[in-house]
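# Coordinate analysis (summary)
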Amino acid sequence: MLQSVDEAREFHREVPVLDLHADTPMLSNVSGYDINARHDRKLPKAINGIGHVDVPRMRDGGVAGQIFGMWTMPYPEILCPRSIHKQLDCIDRAIADSGGGMRRCWTGRDVREAHAAGTIAALAGIEGGQALRGNPGRVEEFAARGVRYIGLLHFSANALGKPAYGKGAQDDIGLSSVGHEVIDEMNRLGVIVDLAHINQMGFYDAIAASNSPPMVSHTGVHGVHPHWRNIDDDQLRAIGDAGGCVGVIFARKFLGGKGIDKLCDHILHVIEVAGEDTAALGSDFDGFVVPPVGLEDVSLLPNLTYALSRRGLSDNTLAKLLGGNAIRVLDDVPPAREILGIDKT
Ligand SMILES: [Zn+2]
């Protein structure tokens, strides 16, 4: 058991900590937010969406890596692919400007190597299938630039299916034929299917259609706090059974409370229902969330690790939650290197 927050921070240096979802690239794209520069931590009520993550504070928190989520305004859809490319440009530029402080990673193995080398691992994922503009062929275009997951839905219906909430939400319509084609393409190219924000029918359709493990990159759980944004126990078990992982979100609104203990409740529920091989971190930092008290930015992550240790999680289970499970899923869905022309090892 960890004896203090400092011990938790030390623990992070032994085991790679990888978060599944932070929306930082949109900040860079829209306001020039520099991921390499240290930013002040804002007061809780002021943070509302900006500036939770940067490289210096990731180092303070002992965080090994981040999968950067890239979302798009769905209307007009014609602008969505360009927005994704601009956000990818922001990530590439931040890596280039980091002086070796951050490196592009594709696989779990890459993340472990970056961690061993003391370099921050940067990965990318897309939030919302509108980025494809209804064309499954675009999966390859984005995958070749390092996109490791695509969230099929966001806050509006698109050619792939229907969201759990938002414009065009509908409970009785699952994945479309385009959605099935997109999943086939993602399976072929080694892109992980992300089921955050999708409605239940689409969720189960996608799991049945995918031949590789899925993830839910950022979500709360219904079993602790019933809410449209949270997934229920059957969904948790379905992800666990498919060998996937579930990133628990750091948003007071969806957790149903403002303390770290409430976040711990959600994480412990995932472990109880779906097993210790399923739980992961999916902060949604920089995604207009108000995080729990004591977790106001990425540097404070050891507070969560310490709290979970006090709630009885073993070091082994903590290692899985903090990054081990996410890394396993990245490795179980390897990118199709030859097709994508990935030249790095
Ligand atoms: Zn989201």
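Residues numbered from 1 in each chain as written. Predicted model: local features only at pLDDT ≥ 70, side-chain atom pairs only at ≥ 80, totals over all residues.

Further remarks concern unusual backbone geometry. Residue Tyr 75 is joined to Pro 76 through a cis peptide bond whose omega torsion reads -10°. Within the secondary structure, Pro 76 is located in the loop between strand 2 (65–71) and helix 5 (80–97). In this model, Asp 284 sits at a positive phi of 65°, which is unusual for a non-glycine residue. Mapped onto the secondary structure, Asp 284 falls in the loop between strand 9 (279–281) and helix 13 (301–310). For Asp 284, a count of 28 C-beta atoms within 10 Å corresponds to the buried category. A positive phi angle, near 60°, is found at Phe 288, a position not held by glycine. On the secondary structure map, Phe 288 appears in the loop between strand 9 and helix 13. (Helix = DSSP H or I, 4+ residues; strand = E, 2+ residues; numbered from the N terminus. Buried ≥ 20, exposed ≤ 12 C-beta atoms within 10 Å, placed from the backbone.)

Between helix 12 (residues 260–274) and helix 13, the least distance of the axes is 10 Å, while the angle of their chain directions is 65°. Handedness of the helix 12/helix 13 crossing: right-handed. On helix 13, the residues that touch Ile 260, Asp 261, Leu 263, Cys 264 and Ile 267 of helix 12 are Asn 303, Leu 304, Ala 307 and Leu 308. Residues belonging to the contact of helix 12 with helix 13 are distributed by class as follows: 7 nonpolar, 1 polar and 1 charged. (Axes fitted to C-alpha atoms, helices over the stretch in contact; angles between N-to-C directions. Left-handed = near helix turned anticlockwise from the far one by under 90°. Contact = placed C-beta atoms within 7 Å. Nonpolar A, V, L, I, M, F, W, Y, C, P; charged D, E, K, R; others polar.)

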